[in-house]
Every structure is written in structure tokens, then in C-alpha cells.
Amino acid sequence: MDIFEIHGGVPLSGSIATSGSKNSALPALAACLLTEEEVILEGIPRVRDIQTMEKLLAHTGADVIERNGTVSVTARRIERPEAPYEVVKTMRASSLVLGPLAGRTGRARVSMPGGCAIGARPINLHVAGLEHLGAVTHQAHGYIEARAESGLRGAHVKFERITVTGTEDIMMAATLAHGETILENAAREPEVVDLAELLVKMGARIEGAGTSTIRIQGVSRLHGTRHRIIPDRIEAGTFLIAGAITGGDLSVTSCDPAHLEALLASMRAAGVEISVESPAAIRVHPRRGPLRSVDITTEEHPGFPTDLQAQFLALMTQATGISIITENIFENRFMHVPELSRLGANIRIDGRRAMVAGPTPLSGAEVMCSDLRASASLVLAGLVAHGSTVLQRVYHIDRGYESIEKKLAGAGARILRKGEHDGAQRRVFEAGQ
């Protein structure tokens, strides 16, 4: 089991390129099950969740070929319309195949989502959506089963609460349903828009993606296509915060600044000097003065993203004053706080709020990764902490970040990945040795 060892105190400099979006690639791969023709997806990040999804597609009977970030999927026949627990137990996105399998084959059997323990993801919203489309569902033994022997039919679906994966799942199912489907209170995230653009290229008829109301006219079949995944806005945001917390001069490239407006506004309010250098590059400039405390509240897009809350909280440990971080999306997303406290952070939890007092000098310690984004916050804290920080269970961060240690090392970070029992350390940094 690999660990990270980080020696902090080095301002990052240079540039880091953003990979394709994991949260866009997962539903795009699931959408490949909707057609018997080849779908080619470019810019797919090589992270653990993607590998799990590819194994799942292969389990259903699809041919999956990956070459240098381009994935070809051909699902000529769906031999096993199921997502078994042993394949998806480490991934929270297994429910994304529920809609495509039910839409294509009229039946699906999907294990309840696994992954990291940040709180409940309401698969009941997926199930309720499918039931509106005419599916008969049943839950037993850790699985959701859906059947629509005569095919799905269009319906008016109003989500009780905004759900990104639920919107994506039901939108995919509705592409092959009979008649029109209207999704109300739909998620507006860029990943939803990207999925809709892929589906339209495949022959789907979709309007309104990116708004709270999406209309889908069902078609009899979809065809193959080629599509490039959007950049990962969460990875880009993580690296921007890394530049800011270290006081560095860092450009984050291959990103989309329009997807990061809420984060950029909060960082500027904190005194971080940021400039949009091009339609695909953002630069964090060297710090000229102290960071200021900023309150944030996580919200659905276009609000502040929950997937950047932990990283921004780490930044606020270095800001002057008291910051109040309110988490409105997941009920258990402060699992990084005890570990940050081990590094010296001054944080108090009150329900869905974290109060961060700073600036606090951080000192290296051994910490444990608990979930994907919590892991990223610990890496950021380690970059600014005095001495050596050791991160255990970094497989959590490998679920969503492509070679994060190599990217950071390329910008000057002193970071090492090594196997827990590997005496010969695999060094990925030069400075500070």
C-alpha cells in the first residue's frame, strides 16, 4: 500500500496541466452502454474510479480498449446487465449504469454504491426517476433491480432535491424511452452539459442541459461517436489552491476558467492574486500580503463546489481571522478536520459548519486519508507544513487524481510516493534532498 511523504515549505512555480474530468468521464463511459456501435472518448484520466468503470463495462460484455487516455467502448451485446458488488465496491458512481442498462435492455441489477464515506448519495432519486419512466424496481441484498419489459416511456420527473448523478442517470435512460421526458430541478453542473453533448452526438434529442429543466425526446436507437471530455475543474481548483497556500507563482493549464468562477471569487476575496491568462489557463501570482479569512457555503453549481471544500478549508488555516465553512451537500464531509488538527490546524466543528482560526503554523505529522477530497486537503496542508508529513491510504486520492505527486513535483513540490514495504524509495522530486 503506497504512502506519500511531503516536505513542506517550498512555493510552487511553473505550470501544471489539468487532466480530463473524472466526474465527466464516468457518466460518459456509462453512456457507451446505450449503443451497439463504437464510442471513442478522449481525455479520459487514468485514475482508479475510471479503471473500475472500465472493468464494469467489460463485465457487461462490452469491448473496452484504452490507449494513452483515449478509450474505445463497443457494447454490441449486453450479456450481463448488472453491476456486481465485487466490481464496484470501491466506487460511488456504480448507479450511473442503472439508467443506461434499463434503457437499453429493459432490465438492470446494480449494487448499491460503495466508495468513500462522505455521506449518503440518494440512489432513491435514481430509482424514483426510473419508476416515473415506467420501470418496476426492487431492492434486496444490497442491490437495486429495475425492469421495464416493454421499454421505458417518457414522463415528467421532478427531483426532490438536486442530484448530479441522478440527473445524468435519468437523462441517459430517457434517451431511449418512448416519448418526451422532462426533468425538473435538474443539476446544472458542467459535467451534466458535457454528458448531454456526448448523447446528442450519439443521436439523442436533448434541450436545456445546463439549466434546471431538461427536455429529452426519446429515439429508437443511438449510434457511435467521438467525444473529448471536459477538463477536471476540481483538479484544476486543487492545484490553484496549492499555488496559493504555498505562496507560489503557478499556472494551471488545460482548464476552463468558466467552470471555476465560484472558487476564483472566494480566492480573490482571500487576497490571492489570480489572473486568467487565456481561455484555458489561470495563474496564481506570488503572495504580496497575508491571506484573509473568507466564509464559504457549498452549493450546487454554480455555487461553491463541495468537492473543493476540504481544499479551501486547508487554505483558510493560513488566513488571518476566523473562516466559517458551511457544508450543505454531504453530511459527513469534515472527516479531514481531525487529521488537519494533527498538523496543528485550529478548527472547531459545529454540525455542518467548521470554524477555522488562523493563521496557524502547521508542522508535519503522520495522517490518514479518509476520502478522495479529504486526501487532497492533507496534501495541500503538507505542502505548507514544516517538516515531513506522511499520508497513509493514498489509494483514496488515486481514485480521482491522475499522478498528483508527479504533477506537484514538476512544479517544485518535495513529494515522494513509496510502497509501504518498499525499502527503495521511488523518488519523484529532486529539490531539498
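Note that the structure is a prediction, hence the values are computed from the model and not measured.

A. Summary view of the overall build of the protein. The secondary structure content of the protein amounts to 14 helices and 26 strands. Here the protein has a C-alpha radius of gyration of 22 Å; the compact-globule value for 433 residues is 22 Å, and the two agree. In terms of its C-alpha atoms, the protein occupies a principal-axis envelope of roughly 65 × 45 × 45 Å. Residue burial in the protein is summarised as follows: out of 433 residues, 58% are buried. A separation threshold of at least 6 residues defines the contact pool for the protein, and within that pool the share at least 24 residues apart is 71%. For the protein, the exposed area adds up to about 16,500 Å²; of that, 46% sits on carbon and sulfur atoms. Charged side chains of the protein number 46 positive and 49 negative; the gap between the two group centres comes to 2 Å.

B. Examining the pattern of salt bridges more closely. Here the structure, examined in full by the defined rule, presents 24 salt bridges. A salt bridge links Glu82 to Arg109; the shortest N-O distance between them is 3.9 Å. Taken together, the residues Glu82 in strand S6 (residues 82-83) and Arg109 in strand S7 (residues 107-111) connect sequence positions 27 residues apart. A salt bridge links Arg417 to Glu405, with the nearest nitrogen and oxygen atoms 3.0 Å apart. Here Arg417 is found in strand S25 (residues 414-419), whereas its partner Glu405 is found in helix H14 (residues 404-410), with twelve residues between them in sequence.

C. Expanded view of the sheet that holds strand S4 (residues 63-67). One open sheet holds the four strands; their spatial order is S4-S5-S3-S14, and the pairing between them is mixed. The open sheet is flanked by S4 and strand S14 (225-228), the only strands paired with a single partner. Averaged over all adjacent pairs, the angle separating strand axes in this sheet is 15 degrees, with direction ignored. Inspection of the sheet shows S4 paired to strand S5 (residues 70-74) by five bridges, in the antiparallel sense. Within S5, the position partnered with Val64 by the bridge is Val73.

D. Examining the confidence of the model for the protein more closely. On average, residues of the protein score 92 in pLDDT, and 94% of them are at 70 or above. Of the regions scoring below 50 in pLDDT, residues 423-433 engages in 23 contacts with residues more than four places distant in sequence or in other chains.

E. Highlighting the nonpolar core. By size, the foremost hydrophobic cluster in this structure holds 68 residues, and its most contacted members are Met53, Val97, Leu130, Met171, Leu183 and Leu199. Take this core: its biggest share by element is six residues, from helix H1 (residues 22-31). Here Met53 is in contact with Leu26, Leu29, Ala30, Met91, Ala93 and Val97, once residues within four sequence places are set aside. Grouped together as the second largest cluster of nonpolar side chains are 66 residues, Ile282, Ile296, Ala345 and Leu362 included.

F. Structural context of the layout of surface pockets. The computed volume of the second largest pocket comes to approximately 190 Å³. The wall of the second largest pocket is formed by 15 residues, among which Thr18, Ser19, Gly20, Gly43 and Arg228 lie closest to the centre. When the residues that make up the lining of the second largest pocket are grouped by side-chain class, the tally is five nonpolar, seven polar and three charged.

Criteria and cut-off values
- In every chain, residue numbers begin from 1 and rise along the written sequence.
- It should be noted that, the model being predicted, local features are given only for residues of pLDDT at least 70 and side-chain atom pairs only at 80 or more, the latter also being counted only at that level, while totals for whole chains, interfaces and linings use all residues.
- To get the side-chain values, take all heavy atoms of the structure and skip hydrogens and water.
- Runs of H or I in DSSP of at least four residues are treated as helices and runs of E of at least two as strands, each being numbered from the N terminus.
- Here the globule rule is a power law, 2.2 Å times the number of residues to the power 0.38, and the radius of gyration is based on C-alpha atoms.
- Relative accessibility under 20% of the residue-type maximum defines a buried residue, over 50% an exposed one, and the middle range a partly exposed one, all with a 1.4 Å probe and only protein chains included.
- For this analysis, residues touch if any pair of their heavy atoms sits within 4.5 Å.
- Residue burial considers only the protein chains on display, and all accessible areas are found by Shrake-Rupley using a 1.4 Å probe.
- The convention is simple: Lys and Arg are positive, Asp and Glu are negative, and His and the chain ends are not counted.
- Charge positions come from single atoms, namely NZ of Lys, CZ of Arg, CG of Asp or CD of Glu.
- What counts as a salt bridge is simple: a side-chain nitrogen of Lys or Arg found within 4 Å of a carboxyl oxygen of Asp or Glu.
- For two strands to count as paired, DSSP must find a minimum of two bridges between them.
- Where helices are involved, their axes are fitted lines through C-alpha atoms of the stretch in contact, as for all axes, and angles between N-to-C directions lie from 0 to 180°.
- As a per-residue measure, pLDDT reflects the predictor's confidence and takes values from 0 up to 100.
- Only buried Ala, Val, Leu, Ile, Met, Phe, Trp, Tyr and Cys residues count toward a nonpolar core, and they belong to the same one when joined by side-chain atoms within 4.5 Å.
- Residues are called lining when one of their atoms sits within 4 Å of a cavity or pocket point, these points coming from a 1 Å grid over the protein atoms alone, where a cavity is a set in which a 1.4 Å probe fits but cannot get out and a pocket is an open set with protein on both sides within 12 Å along at least five of seven lines.
- Grid points are joined across faces, edges and corners, and a volume is the space filled by probe spheres set on the points.
- Throughout, the ten residues Ala, Val, Leu, Ile, Met, Phe, Trp, Tyr, Cys and Pro are labelled nonpolar, Asp, Glu, Lys and Arg are labelled charged, and all others, Gly among them, are labelled polar.

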